[in-house]
Every structure is written in structure tokens, then in C-alpha cells.
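Listed here are the chains, written in short residue letters.
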Amino acid sequence: MSSYNSHLSRRAFGGAVGATAAAAAVGLGAGPAAAAGTPSDAASDAAGSTPQERPFQAARGRRSRRPNILFILGDDLGWADLSSYGSPHIKTPNLDRLARQGVRFTDAYAGSATCSPTRFSLYTGRYPGRTAGGLAEPIADKSAGLEPTHPTLASLLRSSGYATALIGKWHCGYLPDYSPTKSGWDEFFGNFGGALEYYSKLGLGGEYDLYEGDAEYKDLRYYTRIITERASEYVSRDHHGKPWLLNLNFTTPHWPWIADGDTEASAEVERRIKAGDARALWHQDGGSVEKYKEMVEDLDRSVGKVLAALKRSGQEEDTLVFFSSDNGGERFSYNWPLSGNKASLQEGGIRVPNIVRWPARIDGGQVSRVPVFTPDWTATLLELAGTRPDPAHPLDGVSLAGYLLRGEKTAERNLFWRVRGERALRRGDWKYYRGKTGKDQLFNLAGDIREQADKAALEPVRLAQLRAAWEKVDAGLLPYPG
């Protein structure tokens, strides 16, 4: 047995003992409870309108078993790309329905401004800069990855009795050293890299990039369809009494700008990749607002199919479904009124949609304006599952279980981000930001979500406090190489 497996086995014993006490703390019992007061989806659809959202209020006193967890990520999906978040031209009825059935977070953030660092923050519950692999923004070669010895959301849940699977985009390192199956997921079906051509499955280096476990899997159909089928099959299984975690990571609507049926565009991108064009997948001479709309609406239909399979399986009541994006929007994203986009620590680069639904414990039709970011969800899911973090790798996220289930107030705290050349920290409504110009800026997001009214000169004390708070966290992180 490897040292990692030995470590997991010891954690499994401790986790099994600790799970009962931790589960009791969040009110997890043996059976489900109905979600009273949630407007029926059928009635809402028949009326042709969305019920008025109300401020979030916990439905206290309910008990349930430990939830299944379906954690869905879009790829480069902007904060306002869903119609429930304000898009005037993209229609997302399935995700809008999910929001009506649960809680929509307005002030939610990704753990970083690009793909792989955010995934590190989700899988570890920590700032990307805690680990060497998280310093790559994003990972582009085989030199970096998520070390298999580091505890993850999946390994910790598995140690307390969960079945675990990851379907779709991994982007936390390449074989032979890094893989979901080396980091706590029982099953993996998807791609290792940051992008792939949707039909040929050719990745950034021209390599074929569709795998089942650690072995290539040949399927030349449209990628979103393939992983939708796989995810639908997974949530439909009989897991023999085990709760389960499924990380479902779409590549949609990440470039290249190819929708289902665009076989000519696919063939052209494939030809260029094979001819040695290292930038072919960026597809900088392709795409349009209309094509992007097609891709987002296809993502919405795909999520709808998975949720329909979950409902048919009879597990909907006891499954916590979470939807978000790995970072802000890209070229064709609808980001208004936010400034900036992917790779920036302005709001448009890190603010993302967050939707949470758990019928057994959380009422629908609600909206929360509490600021949250990716590592918080790691901490939350571990607590809801009755699973303790590894004390040798303390979390940077804060569990929202008390807020969601018992109505506990959330304390004001700092949300921290760091990327090469940029820094940001949010405390309450105030955001400290330094971009690539090197100028410290201060914004009050309550009245200036677009980050245009710089208050730095008017609030020098506050600016100094937030800057000092950012620098204190930064001092405890790994430095960037070079």
C-alpha cells in the first residue's frame, strides 16, 4: 500500500468516527424532509412568470440524511450570462428553474480569475497560492499539478463514506503524475487540459484528450453531449446506500467557438492544430455573440438533462445541486455592468453566478447578497457531509452551513485574491484593487459595482487597512517563480 493510501485509510477511520458528531451538528439525520413553502415549478411555468425572490431565510429545524452532491461548473461563463442574472438575449430556462427552486447568490466569486487556480481552490478549500501547482495561471504543461498527497474535497468525502466521480474538465495537471483518480475521485471521465476541440478532442498541444480513468477513450461526438450522457448515467445509478459526490465540469462555453453541429468549423480548427498552429484552439478569428449564445443555451439544456435524470432517479430531494463558473466571462460574454473579464481581478473577472438547491433543507425562490467565494463551498460541503478537514491543511474558506441551515449571521471578513500583476481584497461593501498599473484603488461596490468611482483619496485610512490585510495574507503564500 502506498503512503498516500495508508494516509487515506487512517483518515477514513478518523473520518468515520468524526462524521457522526459533525453530522449531528448540522442536523443531518436518517431521513429526508419536504421543503415546505417552495412554489411548485409546474405552477410557476404554467403562469409564465418567475416568483418574486425573497431575501434568504433558513428553514430551521429540518433534518435529513447526508446529501448527495452534484457540483456543476461552467467554463468561462460570465456573471450575467444567465437570464436569471440579467442577460437580455441568452435564454437559460433550466438554470433559471434551478434558481427558482433554491438560492441565487448575487455577490459570489470564483477563487481566482482563470481556470486551474479556481479548481485548486475548490478541490483544496485553500488559496491557490498555498500550493505550487496553484501558482500556474493557468496550468499549460506537465510541470505543475495538484499533488496527490494533498487532501481534497473528494478524498475527504471518500474517507467518510462517499462515492466520488469527476466528469469533464480536470485542468489540475497531466498524466503520469497528476489525475483525479490520484486525488480522491473513484472515477474520472473527461479531459486533462485547459481546452480541447469539441469533436476531435485535440488539446492545446495537439494531443488527444478524452480519457476514462487514465486510459484514452475514443468518442468523436460533440463533447458536451458526451459528458452530459455520462453525468446522467452517474446520477441515475444505485449507489448501494452510499451518498455520492459528482464534480461535473463542462468546457462550455470556453473557446474554440464551436456549437453542436458546427462540423465545418470543427474540421478547420482540427486541420490547423494538426498543421502545427499553436494558437488554433484560441480561435481568435472565430466566434460571435450569436455563437456564444448558442453555446450557453446548449450548456443550459445539458444541465437540464442531468437534472431530469436526477429527478427520475428519485434522489432529487436529498441531492444538493450547486452551479457556478470557474471564473468570469471571456470575449463574447455578457458582463454588464461589471468591468474587466477573465484573468482580471476586477469584478468581471471573478464575480460568477452561484445557485444552490437542496429541497430537503433549503426553500426555493430566495436570493442571498452575502459575499462568498469558491473555498467557502469546499468548507460548506465538508460540514454538510459530516466530514472534518485535514488539520495539517487548514481551509481558507468559511463554512456557510450555519447560515444556510440554521440562519446564523455571517461575520464580515476578507475575501482575498492574487494573480500575477494584480491584487484584490473585499471586506463588506469595500474592495481594494491594484491592477497592472500598480495604482492602489478603493471602490464601494454597494453603489459602484462597475468600479469606476475610486475612493482611495477620500478614504486613506480604509485603503491602508485593506492593503495591510491583503499583504498579511500574501506573506503566508508561496511566491511566484521567476
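Since this is a predicted model, take the numbers as computed values, not measurements. (Residues numbered from 1 in each chain as written. Predicted model: local features only at pLDDT ≥ 70, side-chain atom pairs only at ≥ 80, totals over all residues. Heavy atoms only, no water.)

### Some points on the sheet that holds strand β14 (residues 414-419)
Here is the rule: Criterion used throughout: strands pair if DSSP finds at least two bridges between them. Secondary structure elements are defined from DSSP: runs of H or I of at least 4 residues count as helices, runs of E of at least 2 residues count as strands, and each element is numbered from the N terminus. Angles shown run from 0 to 180 degrees and are taken between the N-to-C directions of axes, each axis being a line fitted to C-alpha atoms and, for helices, limited to the stretch in contact.
An order of β14-β15-β16-β17 is seen for the 4 strands of this open sheet, with the pairing classed as antiparallel. Each edge of the open sheet is held by one strand with a lone partner, namely β14 and β17 (440-444). Neighbour to neighbour, the strand axes of the sheet diverge by 15 degrees on average, direction disregarded. Relative to strand β15 (residues 422-427), β14 runs antiparallel, the two being bridged by 6 bridges. Across the sheet, residue F416 finds its bridge partner in β15, namely L425.

### Re the pairing of strand β2 (residues 68-74)
Inclusion rule: Burial classes follow relative accessibility: with a 1.4 Å probe on protein chains only, a residue under 20% of its type's maximum area counts as buried, one over 50% as exposed, and anything between as partly exposed.
Of all 7 residues in β2, 7 are buried, a share of seventy percent or more. Side-chain alternation along β2 places N68, L70, I72 and G74 on one buried face and I69, F71 and L73 on a second face that is also buried. Looking at chain direction, β2 and strand β10 (residues 319-325) are connected through 7 bridges and run parallel. When the bridges of β10 are listed, I69 appears paired with L320. One ladder, built from 5 bridges, connects β2 with strand β9 (residues 244-249); its direction is parallel. Note that in β9 the partner of L70 across the bridge is L246.

### Regarding unusual backbone geometry
For residues that are not glycine, phi is negative in most cases, and the peptide bond is trans in most cases. Between L175 and the following residue, P176, the backbone shows a cis peptide bond with an omega angle of 5 degrees. Following the sequence through the fold, P176 ends up in the loop between β5 (163-169) and β6 (187-191). The omega angle of the peptide bond from T252 to P253 is 0 degrees, so this bond is cis rather than trans. With a phi angle near 55 degrees, H171 is a residue other than glycine that sits in the positive phi range. If you trace the backbone, H171 turns up in the loop between β5 and β6.

### Considering the packing of helix α6 (residues 223-235) against helix α8 (residues 289-312)
The criterion, for reference: Comment on the angle field: the value is read as roughly parallel under 35 degrees, roughly antiparallel over 145, roughly perpendicular from 65 to 115, and oblique elsewhere. Crossings are sorted by hand: turned counterclockwise from the far helix by less than a right angle, the near helix makes the crossing left-handed, and turned clockwise it makes it right-handed. Note on contacts: a residue pair qualifies if any of its non-hydrogen atoms lie within 4.5 Å across the two residues. Throughout this entry, Asp, Glu, Lys and Arg are counted as charged residues, while Ala, Val, Leu, Ile, Met, Phe, Trp, Tyr, Cys and Pro are counted as nonpolar. The remaining residues, Gly among them, count as polar.
Close contact between α6 and α8 brings their axes to 8 Å; oriented N to C, the two are set at 20 degrees. Here α6 is positioned roughly parallel relative to α8, judged by the angle of their axes. In the crossing of α6 with α8, the sense of the turn from one axis to the other is right-handed. Facing α6, whose interface residues are T224, T228, A231, S232 and V235, α8 presents D298, S302, K305, V306, A309 and L310. Grouping the constituent residues of the contact of α6 with α8 by class yields 5 nonpolar, 4 polar and 2 charged.

### Overview of the environment of V269
Looking at the element boundaries, V269 is found in helix α7 (residues 263-274). By relative accessible area, which is 1% here, V269 ends up buried. The sequence separation of V269 and Y198 amounts to 71 residues, and the corresponding C-alpha distance is 9.9 Å. Dropping the residues within four chain positions of it, V269 is found in contact with E197, I258, A280, L281 and H283.

### Section: the packing of aromatic side chains
As a reminder, the rule being used: Stacked, edge-to-face and tilted are the three classes for Phe, Tyr and Trp ring pairs, Trp counted by its six-membered ring, which pair at centre distances within 6.5 Å; planes under 30 degrees apart are stacked, over 60 edge-to-face, the rest tilted. A ring has a charge above it when a Lys NZ or an Arg CZ is no more than 6 Å from the ring centre and no more than 35 degrees off the ring normal.
By the definition in use, this model includes 22 aromatic pairs. Considering the side-chain rings of F105 and W377, the 5.3 Å spacing of their centres and the 85 degrees angle between planes classify their relative orientation as edge-to-face. With F105 in strand β3 (residues 103-105) and W377 in helix α10 (residues 374-384), the pair connects residues that are 272 residues apart, well separated along the chain. Considered together, F105 and W377 belong to a single accessibility category, that of buried residues. With centroids separated by 4.8 Å and ring planes inclined at 55 degrees, the aromatic side chains of F322 and W377 adopt a geometry described as tilted. With a gap of 55 residues between them, F322 in strand β10 and W377 in helix α10 connect regions that are remote in the sequence. Judged by its relative accessible area of 2%, F322 is buried. Classification of W377 as buried rests on a relative accessible area of 3%. Pairwise contacts between aromatic rings join Y109, Y127, F373, F416, W417 and W470 into one cluster. Of note, R104 hangs over the ring of Y85, and the distance from its end group to the ring centre comes to 4.7 Å. The aromatic ring of F189 is capped on one face by R230, whose charged end is 4.0 Å from the ring centroid.

### Re the sheet that holds β10
The strands making up a sheet associate through backbone hydrogen bonding, with each pair oriented either parallel or antiparallel. One open sheet accounts for 11 strands, arranged β1-β12-β3-β11-β10-β2-β9-β5-β6-β7-β8; its pairing is mixed. Since the sheet does not close on itself, it has two edges, and those belong to β1 (54-55) and β8 (215-216), each with one partner. Pairing geometry for β3 and strand β11 (residues 354-357), over 3 bridges, is antiparallel. By the bridge assignment for β11, F105 is matched with N354.

### Regarding α7
Quick reminder of the rule: Each helix should span, by expectation, one fewer than its residue count multiplied by 1.5 Å. Directions drawn from the helix axis to the C-beta atoms are what define this arc.
Over its 12 residues, α7 extends 16 Å from the first C-alpha to the last, a length consistent with the 16 Å expected when each residue adds 1.5 Å. Listing the buried residues of α7 in full gives S266, V269, R272 and I273. Angular distribution of buried residues about the axis of α7 spans 130 degrees; they occupy a single face of the element. Across from the buried face of α7, at angles greater than 90 degrees, the exposed residues are E264 and K274. Residue G276 follows α7 closely and has a positive phi angle near 95 degrees.

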